[in-house]
Amino acid sequence: QVQLVESGGGLVQAGGSLRLSCEASGLTFSWCTMGWFRQAPGKEREFVATITRRGDSVYYADSLKGRFTISRDNANRLVYLQMNSLKPEDTAVYYCAADQDVALKTESREYTYWGQGTQVTVSS
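Computed from a predicted structure; not experimentally measured.

Asker: For this particular structure, what's the right way to read the overall build of the chain?
Answerer: Helix and strand content of the chain: zero helices and eleven strands. In the chain, the succession of helices and strands from N to C terminus is β-β-β-β-β-β-β-β-β-β-β. Whereas a compact globule of 124 residues would reach a radius of gyration of roughly 14 Å, the chain reaches 13 Å, a difference of no more than 12%. Across its three principal directions, the C-alpha atoms of the chain cover 40 × 25 × 25 Å. Counting contacts in the chain only where the partners sit at least 6 residues apart, residues at least 24 apart contribute 60% of the total.

Asker: How should I be thinking about the state of the cysteines in this particular structure?
Answerer: Where two cysteines share a covalent bond between their sulfur atoms, that bond is called a disulfide. Tallied over the full model, the rule gives one disulfide. Here C22 pairs with C96 through a disulfide, and the sulfurs are 2.1 Å apart. Every disulfide takes its handedness from the sign of the S-S torsion; for C22 and C96 that torsion is -75 degrees, giving left-handed. Taken together, the positions of C22 in strand β3 (residues 18-25) and C96 in strand β9 (residues 92-100) put the pair 74 residues apart, joining distant regions of the chain. An identical accessibility class is assigned to C22 and C96; each is buried. As a non-bridged cysteine, C32 has C96 as the owner of its nearest cysteine sulfur, 9.7 Å distant. The buried category is assigned to C32, whose relative accessible area is 0%.

Asker: Just to check I follow, could you spell out the pattern of salt bridges for this structure?
Answerer: When the charged atoms of two side chains lie near each other, side chains of opposite charge can form a pair. This model, assessed by the stated rule, comprises seven salt bridges. Note that E46 and R38 form a salt bridge whose closest N and O atoms lie 2.5 Å from each other. Residue R38 is classed as buried on the basis of its relative accessible area of 7%. Linking D62 and K65 is a salt bridge whose minimum nitrogen-to-oxygen distance equals 3.1 Å. A single network of salt bridges, built from pairs that share partners, joins R38, E46, R67 and D90.

Asker: Explain the sheet that holds strand β1 (residues 3-7) to me, please; I cannot follow it from the model alone.
Answerer: Backbone hydrogen bonds hold the strands of a sheet together, and the pairing may be parallel or antiparallel. Strand order across the open sheet formed by four strands is β1-β3-β8-β7, with antiparallel pairing between neighbours. A strand with exactly one partner marks an edge of an open sheet, and here the two such strands are β1 and β7 (68-73). Each neighbouring strand pair of the sheet contributes to a mean axis angle of 15 degrees, computed without reference to strand direction. In this structure, β3 lies alongside strand β8 (residues 78-83), joined through six bridges in antiparallel fashion. In the strand pairing of β8, R19 is matched with Q82.

Asker: Sorry, what's going on with the pairing of β8 here?
Answerer: The buried fraction of β8 amounts to five of the six residues, a majority that puts the element mostly inside the structure. Here β7 folds back onto β8 in antiparallel fashion, the turn holding four residues, of which R77 has a positive phi close to 60 degrees.

Analysis parameters
Residues numbered from 1 in each chain as written. Predicted model: local features only at pLDDT ≥ 70, side-chain atom pairs only at ≥ 80, totals over all residues. Heavy atoms only, no water. Helix = DSSP H or I, 4+ residues; strand = E, 2+ residues; numbered from the N terminus. Rg over C-alpha atoms; globule rule 2.2 N^0.38 Å. Contact = heavy atoms within 4.5 Å. Disulfide = S-S within 2.5 Å. Buried < 20%, exposed > 50% of the residue type's maximum accessible area, 1.4 Å probe, protein only. Salt bridge = Lys/Arg side-chain N within 4 Å of Asp/Glu carboxyl O. Pairing = 2+ DSSP bridges. Axes fitted to C-alpha atoms, helices over the stretch in contact; angles between N-to-C directions.

If you want it as structure tokens, here you go:
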């Protein structure tokens, strides 16, 4: 059974930082492209970042470049999202996603497995 479990969300003031983690089990993590998405209340789920299975290539949503960093630790089956200079508009539920492939993936429909999400709230 595949499980993706996000952690690290919470309440932070604007300008602050958070690091989200996603722990994978039940799949061959090192074969998977990983991604982060987010969904704010009343909005559609949107792409945040993606990383190839070896971690040698990453891609970000244009609006988040320079503030967010995706990384992974294949030995421990973890993927991270470091979020800096947080803004109230970053408030959302953040989801981890996985798909067994080599390519970067920016569309939610391209991912097979999803976590339950972790809430990030940024206060002004």
